[in-house]
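Geometric and topological summary
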Amino acid sequence: MWDESYALRRSARRDFRRLAFTLILHELLLIITAYSVQDALAAYWRAQDPGLPSGEIYDRLLNSGLSMIAASLLGLIFVLLLLGRRFRRPCPGERMHLYQFLLAIVGINGLQLLSTLVTIPLEHFVERMGYSLEEATAVSTGTSATVSMFLYSVLIAPFVEELIFRGAVLRWLEPWGRGFALVISAILFGLMHNNLVQLPTAFACGLLFGYIAQRFSLRASIAAHAANNLIVEFIGLLPDEWNLVWSFYSIAILLSAAYVIYWCMTRRESLIHWCRDDGPPVVKWFLTSIPVVLLLLIYTVRTLESAIPA
C-alpha cells in the first residue's frame, strides 16, 4: 500500500512539474514574442515615416492586436506540444442545446456582476495602500480601437485561451480529480490575465467555461467565450446618451446575477457531487511542488504589477 501511494504521489508531482514548467516557459515566450513583434512594428513605422512622434508609435502599439495575436498563437503551439497528449477526452460530452448556450451567456454576465462584490472592495484596498488600478480597469473594460485588436478579442483570445486552459491544462489535470482540475485551471486562468481588476471575473468565468468544457465540449466553451467577448465589445460601443438601452442592459445584468444565484442554489447538491474528490491529497501535492509555487509566484507578481503608484 505504501509503495502504491508513493508511486501515485511521484506520478502526480511529475505531472504537476511538467504543467508548471510548461506554463512558465509559455509566459516567457509570450513576453519575448510580444515585445519582438512590437519592436518590429515600431521599426517599420519609423522607416515609413521618420518624423513619427514616439507618443503616436506608443499609441499604435497599445491599440494594435498584432503582437498579441502572434504571441498567443505561438504560445498555443508550444503548450499543445508539451501537454497535448491528453487533449482528447476519452468519451464525448453532452450535446449543448441553444437554450443551454443562451443560459450560459446569461450566467457569464451574471458572474461578471457578482464578481464586482470582490473587485470594488479590492480597488478601495489598493487605493488605501497608495496605488491605483485605473490603468488596469481601462485595460479590462476598454473596447478595441483597431481591427486587429477586435479580431484578437473576439476570435483569437477565446480560441487560444480555451484550447490552453480548458483543453490542455484542464485535461492534463483531470486524471487527478475533475473538481481539482476545474478549480486549478480557473485559478491559473484568472492569474494569467496579469490584472487585479480582471482576476475575480476571470476566475469566476473560468469555472463556468471549465464546467461547460467538462459537461459539454471544448467547442461549446470556445463559443461561449467568444460570444461573451463580442457582447463586451458591442456594449462598449453604445453611446452614453442611450439611457433607455443602458437601463435595459442594467436590468438584464441584475436578472443574470439573480439567475446565477438561483441556479447555484437549486443545483448545489449536484455541483458538490461534481467537484467532490475522494481521491489522494492532490491539492497538497500540487501546492508543495516547487515548480508550481514558482509558477504561482510569477503569475502573482505580474498580477500585482497592474497596481501602479498613485
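**Quick look at the overall build of the protein chain**
Broken down by element type, the protein chain carries 14 helices and two strands. Radius of gyration (C-alpha) of the protein chain: 21 Å, near the 19 Å computed for a compact globule of 310 residues. Its C-alpha atoms give the protein chain principal-axis dimensions of about 75 × 45 × 40 Å. In the protein chain, which comprises 310 residues, the share counted as buried stands at 43%. Accessible surface, the protein chain: about 17300 Å² in total, of which carbon and sulfur atoms supply 67%.

**Section: the pattern of salt bridges**
Applying the stated criterion across every chain, the model contains six salt bridges. Of the charged contacts in the structure, one is a salt bridge between Arg 215 and Glu 94, with a shortest N-O distance of 3.3 Å. Within this pair, whereas Arg 215 is found in helix H9 (residues 198–215), its partner Glu 94 is found in the loop between helix H3 (66–83) and helix H4 (98–114), the two being separated by 121 residues in sequence. Residue class for Glu 94 comes out partly exposed when judged on its relative accessible area of 44%. Residues Glu 162 and Arg 166 are paired through a salt bridge, measuring 2.6 Å at the closest nitrogen-oxygen approach. Of the two residues, Glu 162 and Arg 166 are both situated in helix H7 (residues 147–173); the distance of four residues between them amounts to about one turn of the helix.

**Some remarks on the nonpolar core**
Counting 42 residues, the largest nonpolar core has Phe 16, Leu 19 and Leu 188 as the members making the most contacts within it. Elements supplying a minimum of two residues to this core: helix H1 (2–48), H3, H7, helix H8 (178–192), H9, helix H10 (218–236), helix H13 (282–287) and helix H14 (290–304). With 13 residues, the top contributor of residues to this core is H7. Those residues in contact with Leu 19 that sit more than four places away from it in its chain are Leu 83, Val 169, Trp 172, Leu 173, Leu 188 and Phe 286.

**Overview of the side chain of Ser 185**
Mapped onto the secondary structure, Ser 185 falls in helix H8. The class of Ser 185 is buried, set by a relative accessible area of 0%. Reaching out from Ser 185, the side chain makes a polar contact with the backbone oxygen of Leu 182 at a distance of 3.0 Å. Ser 185 has contacts with Phe 165, Arg 166, Val 169 and Leu 170, leaving out every residue within four places of it along the chain.

**A few points about the layout of surface pockets**
The calculated volume of the second largest pocket comes to roughly 710 Å³. Along the walls of the second largest pocket sit 28 residues, with Leu 111, Leu 208, Tyr 211, Trp 263 and Cys 264 positioned nearest its centre. Of all the secondary-structure elements, those providing two or more residues to the lining of the second largest pocket are H4, H9, helix H11 (243–266) and helix H12 (268–275). Tallying contributions element by element places H9 first for the lining of the second largest pocket, with eight residues. Its residues assigned to classes, the lining of the second largest pocket comprises 23 nonpolar, three polar and two charged.

Reading guide: rules and limits
Residues numbered from 1 in each chain as written. Predicted model: local features only at pLDDT ≥ 70, side-chain atom pairs only at ≥ 80, totals over all residues. Heavy atoms only, no water. Helix = DSSP H or I, 4+ residues; strand = E, 2+ residues; numbered from the N terminus. Rg over C-alpha atoms; globule rule 2.2 N^0.38 Å. Buried < 20%, exposed > 50% of the residue type's maximum accessible area, 1.4 Å probe, protein only. Areas by Shrake-Rupley, 256 points an atom, 1.4 Å probe, with all protein chains shown as cover. Salt bridge = Lys/Arg side-chain N within 4 Å of Asp/Glu carboxyl O. Core = buried A, V, L, I, M, F, W, Y, C linked by side-chain atoms within 4.5 Å. Contact = heavy atoms within 4.5 Å. Polar contact = N/O pair within 3.5 Å; in protein donor to acceptor, adjacent residues only side chain to side chain. 1 Å grid on protein atoms, 1.4 Å probe; cavity = no way out; pocket = protein on both sides within 12 Å on 5 of 7 lines; lining within 4 Å. Points joined across faces, edges and corners; volume = space filled by probe spheres on them. Nonpolar A, V, L, I, M, F, W, Y, C, P; charged D, E, K, R; others polar.

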